[in-house]
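Breakdown of the fold
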Amino acid sequence: ANPVGDIAQIIKNHKIGLTVKYYAEDVAEKTIFLLNRPHLIKKFGFNARKTAEKYFDWKILAEKLNEIYNQTNLKNRSNL
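Residues numbered from 1 in each chain as written. Predicted model: local features only at pLDDT ≥ 70, side-chain atom pairs only at ≥ 80, totals over all residues. Heavy atoms only, no water.

1. Examining the pattern of salt bridges
One pass over the structure, following the stated rule, counts three salt bridges. In this structure, Lys 30 and Asp 26 form a salt bridge, with 3.4 Å as the shortest nitrogen-oxygen distance. Placement of both Lys 30 and Asp 26 in helix H2 (residues 24–35) is noted, with a separation of four residues, approximately one turn of the helix. Classification of Asp 26 as buried rests on a relative accessible area of 4%. (Salt bridge = Lys/Arg side-chain N within 4 Å of Asp/Glu carboxyl O. Helix = DSSP H or I, 4+ residues; strand = E, 2+ residues; numbered from the N terminus. Buried < 20%, exposed > 50% of the residue type's maximum accessible area, 1.4 Å probe, protein only.)

The structure is reproduced here in structure tokens:
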């Protein structure tokens with residue numbers, strides 16, 4: 001992924017991949033690096049799956065959104 005925004009921090013914090021700069025040489029270098037380390041590819045994949053299940057599952061995200069909606073709704077009603 002490119003090193004922009006929150007995605008770079010997620011990749012780094014959860015050890016789920018590498019970031020690449022905006023030029024072909026860096027993409028090629030990182031690709032060769034990974035091709036020579038299949039164990040690292042497996043580790044990134046495992047970590048990515050666990051991260052997705054824990055933080056980005058639709059059910060979890062929907063529950064968080066619903067909680068925010070309910071809190072906002074309660075605040076708005078108390079201001080009436």
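2. Quick notes on unusual backbone geometry
Note: most peptide bonds trans; most residues except glycine with negative phi. With a phi angle near 50°, Lys 15 is a residue other than glycine that sits in the positive phi range. In this structure, Lys 15 sits in the loop between helix H1 (5–14) and H2.

3. Considerations on the packing of H2 against helix H3 (residues 38–55)
For the pair H2 and H3, interaxial distance at closest approach is 6 Å and the crossing angle is 100°. Comparing their axes, H3 and H2 come out roughly perpendicular. Where H2 approaches H3, its residues Phe 33, Leu 34 and Leu 35 are matched on the opposing element by Pro 38, Leu 40, Ile 41 and Phe 44. Here the residues of the contact of H2 with H3 sort into seven nonpolar, no polar and no charged. (Axes fitted to C-alpha atoms, helices over the stretch in contact; angles between N-to-C directions. Parallel < 35°, antiparallel > 145°, perpendicular 65-115°, else oblique. Contact = heavy atoms within 4.5 Å. Nonpolar A, V, L, I, M, F, W, Y, C, P; charged D, E, K, R; others polar.)

4. As for the confidence of the model for the protein chain
Within the protein chain, residue pLDDT values average 91, and 98% of them lie at 70 or more. When pLDDT is averaged over each helix and strand of the protein chain, the minimum, 88, is found for helix H4 (residues 58–78) and the maximum, 97, for H2. (pLDDT = per-residue confidence, 0-100.)

5. A look at the environment of Asn 79
Along the chain, Asn 79 falls in the segment after H4. Look at Asn 79 and you get exposed, because its relative accessible area is 66%. Note: C-alpha distance between Asn 79 and Glu 67 (twelve residues apart in sequence) is 19 Å.

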